[in-house]
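So the chains spell out like this:
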Amino acid sequence: MKPMKRVAAIHDISGVGKCSLTVALPIISAAGVECAVMPTAVLSTHTGGFAGFTFRDLTDDMRPMAEHWKKENIAFDAFYSGYLGSLSQIGIVEDVIEMFRGPETLVMVDPVMADNGKLYPLFTMDHVKGMAKLCGKADVIIPNRTEAAFMLGQEYKEGSMTEEEVNSLLRALAGLGAGQVVLTGVHFGGDDLGAACYHAGTGQINYIMDKRVEGMYHGTGDVFGSFLLGALLRGINLAQAVRVAVDFTCAAIQLTAADGTGPRMGVRFESVLADYGKMLDNR
């Protein structure tokens, strides 16, 4: 039996509201990949739909954690970073990647900082520049349309897109330095919604779409990224891994819409984990 691969997931953790590490840890584990964690902050709940949440910044703990891992000769097959709340955290993640990176290490960056045409509260253009620099050190990046526009210094466009516009965005994002780009929130009109991916090495572009579910569900970007990374680490190529991530994310959203619990608690990814693991084992 081959050794199990190991990912270091660098995200915040919310006690309630499924996102970040409470999503990455179970999904990546279901893929048959060990998921180590470096928490960047601890919150009582996520910040969407909840008021008065608690927040504890763990920036000062990140570098000592990495140094301890290095001292213990712990190796990682992949790094996966998400929401980073400050410029100093971005710099620490860059240093951690360089500390552990080997020829086969996969680095995936989700530049979580904006949506619907706006930066998240407290973020500035300095954060945008820092995140674009971090994306340049990644093998795979998974921005949404707003994050892509900010990092490229372009005007955000709402609504449906053309293939020409998507292709241009993908190639420009690859120009930041990552060899594989996945753009989420792609919409060509009608009921379609999904992602587009670009492999700079082959020049191949693929569109992976599914039927849109009405409403805005928190944590779906983290769910998508975790499904994607698990599939990539099981040897599935980029386009097929995006197909897997779109399908299972949409299935979780559909189950959540059907059960009537509302969007703020996150989506029912737990209900599809068994099928996700079986699918990967049978490929």
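Residues numbered from 1 in each chain as written. Predicted model: local features only at pLDDT ≥ 70, side-chain atom pairs only at ≥ 80, totals over all residues. Heavy atoms only, no water.

Comments concerning helix α4 (residues 125-135)
Moving on, step 1. Taken together, the buried positions of α4 are occupied by H127, V128, G130, M131, A132, L134 and C135.
Moving on, step 2. Elements that come into contact with the buried residues of α4 comprise β4 (78-81), α3 (87-100), β5 (106-109), β7 (118-119), β8 (140-141) and α5 (145-152). (Buried < 20%, exposed > 50% of the residue type's maximum accessible area, 1.4 Å probe, protein only. Helix = DSSP H or I, 4+ residues; strand = E, 2+ residues; numbered from the N terminus. Contact = heavy atoms within 4.5 Å.)

Digging into the sheet that holds strand β2 (residues 34-45)
Moving on, step 1. Pairing in this open sheet of 9 strands is mixed, and the strands run β3-β2-β1-β4-β5-β8-β9-β10-β11 from one edge to the other. Sheet topology places β3 (55-57) and β11 (204-211) at the edges, where each strand pairs with a single neighbour.
Moving on, step 2. Two elements, β5 and β8, share 2 bridges in a ladder whose sense is parallel. Considered in β8, the bridge of M108 is made with V140. (Pairing = 2+ DSSP bridges.)

Points about the side chain of D222
Moving on, step 1. Position of D222 relative to the elements: it lies in helix α7 (residues 220-233).
Moving on, step 2. Lacking a salt bridge, the buried D222 has K18 as its closest oppositely charged neighbour, with an N-O distance of 12 Å.
Moving on, step 3. One polar contact links the side chain of D222 to the main-chain amide nitrogen of S20, over a distance of 2.8 Å.
Moving on, step 4. Beyond its immediate stretch of four places on either side in the chain, D222 contacts C19, S20, V23, Y80 and D110. (Lys, Arg positive; Asp, Glu negative; His and termini not counted. Salt bridge = Lys/Arg side-chain N within 4 Å of Asp/Glu carboxyl O. Polar contact = N/O pair within 3.5 Å; in protein donor to acceptor, adjacent residues only side chain to side chain.)

Details of the pattern of salt bridges
Moving on, step 1. Under the counting rule described, the total for this entry stands at 10 salt bridges.
Moving on, step 2. With its nearest N and O atoms 3.1 Å apart, the salt bridge here joins E34 to R6. Here R6 lies in strand β1 (residues 6-16) and E34 lies in strand β2, a separation of 28 residues in the sequence.
Moving on, step 3. Within the structure, one salt-bridge network assembled from shared partners comprises D210, R243 and D247.

With respect to the environment of I205
Moving on, step 1. Turning to its location among the elements, I205 is positioned in strand β11.
Moving on, step 2. In this structure, the C-alpha to C-alpha distance between I205 and V181, residues 24 residues apart in sequence, is 9.5 Å.
Moving on, step 3. Apart from residues lying up to four places away in sequence, I205 is in contact with N167, L170, R171, C197 and Y198.

Some thoughts on the pairing of β11
Moving on, step 1. One ladder, built from 8 bridges, connects strand β10 (residues 192-199) with β11; its direction is antiparallel. Counterpart to Y198 in the pairing with β11 is I205.
Moving on, step 2. Once β10 ends, the chain turns through 4 residues before running back antiparallel as β11, passing G203 with a positive phi of about 80°.

Quick word on the packing of aromatic side chains
Moving on, step 1. Within this structure, the stated rule accounts for 10 aromatic pairs.
Moving on, step 2. Ring plane angle 55° and centroid distance 5.1 Å describe the contact between W69 and F76, whose orientation is recorded as tilted.
Moving on, step 3. Judged by centre distance (5.9 Å) and plane angle (45°), the ring pair of F79 and F100 falls under tilted. Taken as a pair, F79 in strand β4 and F100 in helix α3 lie far apart in primary sequence, 21 residues in all. (Phe/Tyr/Trp six-rings, centres within 6.5 Å; stacked < 30°, edge-to-face > 60°.)

Examining unusual backbone geometry
Moving on, step 1. At N116, a residue that is not glycine, the phi angle is positive and equals roughly 50°.
Moving on, step 2. Here N116 is to be found in the loop between β6 (114-115) and β7.
Moving on, step 3. By relative accessible area, N116 is classed as exposed at 57%.

A look at the packing of helix α1 (residues 21-30) against helix α9 (residues 273-282)
Moving on, step 1. With their axes 8 Å apart at the nearest point, α1 and α9 run at an angle of 40° to one another. Taken together, the axes of α1 and α9 are oblique relative to one another. Residues P26, I27 and A30 of α1 pack against L273, Y276 and G277 of α9.
Moving on, step 2. Across the contact of α1 with α9, the residue classes tally to 5 nonpolar, 1 polar and no charged. (Axes fitted to C-alpha atoms, helices over the stretch in contact; angles between N-to-C directions. Parallel < 35°, antiparallel > 145°, perpendicular 65-115°, else oblique. Nonpolar A, V, L, I, M, F, W, Y, C, P; charged D, E, K, R; others polar.)

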